[in-house]
Amino acid sequence: PRLRVLIGSELTKVVHPLTMEVAALVANDTSGRLSVTTITRREPGPFDVLIDIKYSGICHSDLHQLRGEWLQNVYYPMVPGHEIAGVVSAVGDKVTKFKVGDRAGVGCMVDSCRECTSCKKGVEQYCKGCPTKADACHLTYNCKLASGELLFGGYSETIVVTEDFVLRIPDSVPMEVAAPLLCAGITTYSPLVYYGAKATGSDCRVGVQGMGGLGVMGVKLAVAMGCKVTVISTSPNKEATAKALGADFLLASTLDDPEVAKKHASSFDFIMSTISSNYDVMKYLPLLDVDGKYCMVGLPPDAFPLHPSQLIFKRNSIVGSLIGGIAETQEMLDFCGEHGAFPEVTLIDAKDVNGAMLTLAANKQGAKRFVIKTDETLSKTTEVKNDDEIDIYSWTVRATVDPPEANLQAHLKRKASGLYDVGVSAPA
């Protein structure tokens with residue numbers, strides 16, 4: 001049996017008979033603030049691995065989910081984190097893949113149905129679920145199972161995961177950079193493999209849009225695969241970085257000049273966009289050669305217009321990609337260790353996590369990924385700085401919030417407007 005957490009108006013109740021209390025950074029509502037509390041982890045079952053977390057990477061998606069910005073379900077209390085690197089401290093008696101002391105990691109998912117066609121193909125990230133199991137892909141956090149159990153992520157001291165969803169971190173990969181590889185690394189590695197860039201190497205002309213944490217990893221991986229790589233950016237300041245990584249540079253604004261646009265037309269076989277804000281996708285499709293593919297791994301909030309002629313006349317495709325399966329993620333870790341393709345990171349203490357989220361929200365982090373020194377700086381006595389600069393009205397809560405009272409913005413607005421019924425207590 002698993003740890004079961006009941007979410008709703010009643011208090012959180014632990015019904016698993018064998019559990020342990022650990023420190024974690026938790027968001028209790030949509031305020032965007034994290035604080036330290038204790039959560040309950042299950043003791044390892046027969047096939048489970050207990051990992052003492054050394055480093056936990058901060059993904060931009062952590063920010064969006066803890067603030068409820070995306071059109072999705074969000075569940076509170078929420079412990080973010082799907083970039084987890086640590087050391088195995090205990091294993092179940094039927095575990096065969098890991099032993100105590102092994103370097104281990106956990107990425108964006110911790111289980112799946114294992115029986116659908118996607119799971120059988122090794123692409124568990126696209127798990128469809130199956131009639132014999134109530135749940136499909138189990139995301140590492142912000143995932144509420146049919147049983148009522150709420151899954152907690154890596155901003156914590158430990159995590160317990162079934163061995164089939166634990167990754168082995170090669171000795172050649174420094175632990176602090178291993179954590180972001182489990183999201184940014186596999187997010188960019190998988191499409192480069194699936195759409196043929198890795199297999200064709202120097203014959204593949206790759207464009208990478210966006211030079212944040214995802215984009216830099218995309219460039220490093222494509223260069224390591226031997227591709228001819230060009231960074232396509234709106235910022236001229238990114239040119240030096242691109243060239244230092246072994247890539248060419250194309251300033252996006254110059255494509256507004258018809259002569260420049262003509263010069264670069266049909267010059268790419270594959271373009272990978274890591275951009276997560278709204279932009280004119282159609283502007284870049286002429287850059288694709290015949291049979292070229294435009295792959296989106298960033299997630300802009302709004303839809304965009306598309307004229308079919310931009311696809312039809314050169315048999316182009318707009319495609320997408322979501323992380324990778326467990327086997328491919330292990331392959332990515334081994335590849336990065338062999339080629340020294342590592343993300344740029346900024347190490348932070350657990351107490352500074354709210355400030356890091358503010359920096360991410362302002363898009364001031366650049367190409368580096370924040371990584372929490374979990375092992376050294378997170379404990380039950382850690383005092384997290386409650387950053388006064390967080391303005392809870394600076395973003396829109398689009399998510400469906402569970403429990404509803406965790407939608408702090410909505411309740412504060414109702415309270416200010418006097419919309420609560422007489423005799424009904426409003427949230428503080």
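Scroll up to find the structure.
On a predicted model such as this, the values are computed, not experimentally measured, just so you know. (Residues numbered from 1 in each chain as written. Predicted model: local features only at pLDDT ≥ 70, side-chain atom pairs only at ≥ 80, totals over all residues. Heavy atoms only, no water.)

Asker: Sorry, what's going on with the packing of aromatic side chains here?
Answerer: A ring pair, where both rings are aromatic, is described by two values, the distance of the centres and the angle of the planes. A full pass over the atoms with the stated rule returns four aromatic pairs. With a centroid separation of 4.9 Å and 90° between ring planes, the pair formed by Y194 and Y195 is classed as edge-to-face. For Y194, a relative accessible area of 65% corresponds to the exposed category. Between Y279 and Y284, the ring centres sit 6.2 Å apart and the planes meet at 55°, which makes this aromatic pair tilted. For the pair Y279 and Y284, a shared accessibility class is recorded, and that class is buried. (Phe/Tyr/Trp six-rings, centres within 6.5 Å; stacked < 30°, edge-to-face > 60°. Buried < 20%, exposed > 50% of the residue type's maximum accessible area, 1.4 Å probe, protein only.)

Asker: Can you help me understand the packing of helix α3 (residues 175-194) against helix α5 (residues 213-224) in this one?
Answerer: Helix packing geometry: the angle between the two helix axes and the distance between the axes. In the contact formed by α3 and α5, the axes pass within 9 Å of each other and the chain directions differ by 50°. Classed by the angle they form, the pair α3 and α5 counts as oblique. Note that α3 runs across α5; the crossing there is right-handed. Within the contact between the two elements, α3 uses L181, A184, G185, T187, T188, Y189 and L192 and α5 uses G213, L214, M217, G218, L221 and A222. (Axes fitted to C-alpha atoms, helices over the stretch in contact; angles between N-to-C directions. Helix = DSSP H or I, 4+ residues; strand = E, 2+ residues; numbered from the N terminus. Parallel < 35°, antiparallel > 145°, perpendicular 65-115°, else oblique. Left-handed = near helix turned anticlockwise from the far one by under 90°. Contact = heavy atoms within 4.5 Å.)

Asker: Whenever I open this one, the side chain of E163 confuses me. Can you help?
Answerer: Note on placement: E163 falls in the loop between β11 (158-162) and β12 (167-168). Within polar-contact distance, the side chain of E163 engages the backbone nitrogen of K97 at 3.0 Å. Aside from chain neighbours lying at most four places away, what touches E163 is F47, V49, K94, V95, T96, K97 and F98. (Polar contact = N/O pair within 3.5 Å; in protein donor to acceptor, adjacent residues only side chain to side chain.)

Asker: Just checking my understanding: could you explain the sheet that holds strand β13 (residues 205-209) for this structure?
Answerer: Whether parallel or antiparallel, the strands of a sheet pair through hydrogen bonds between backbone atoms. The parallel open sheet is built from six strands, whose spatial order is β15-β14-β13-β16-β17-β18. This sheet does not close on itself; its edge strands, each paired only once, are β15 (248-251) and β18 (317-320). Averaged over all neighbouring strand pairs, the angle between strand axes comes to 25°, with direction disregarded. As paired strands, strand β16 (residues 268-273) and strand β17 (residues 288-296) are joined by five bridges and run parallel to one another. Across the sheet, S273 pairs through a bridge with M296, a residue of β17. The strands touched by α3 within the sheet are β13, β16 and β17, with β16 carrying the most contacts at an inclination of about 160°. (Pairing = 2+ DSSP bridges.)

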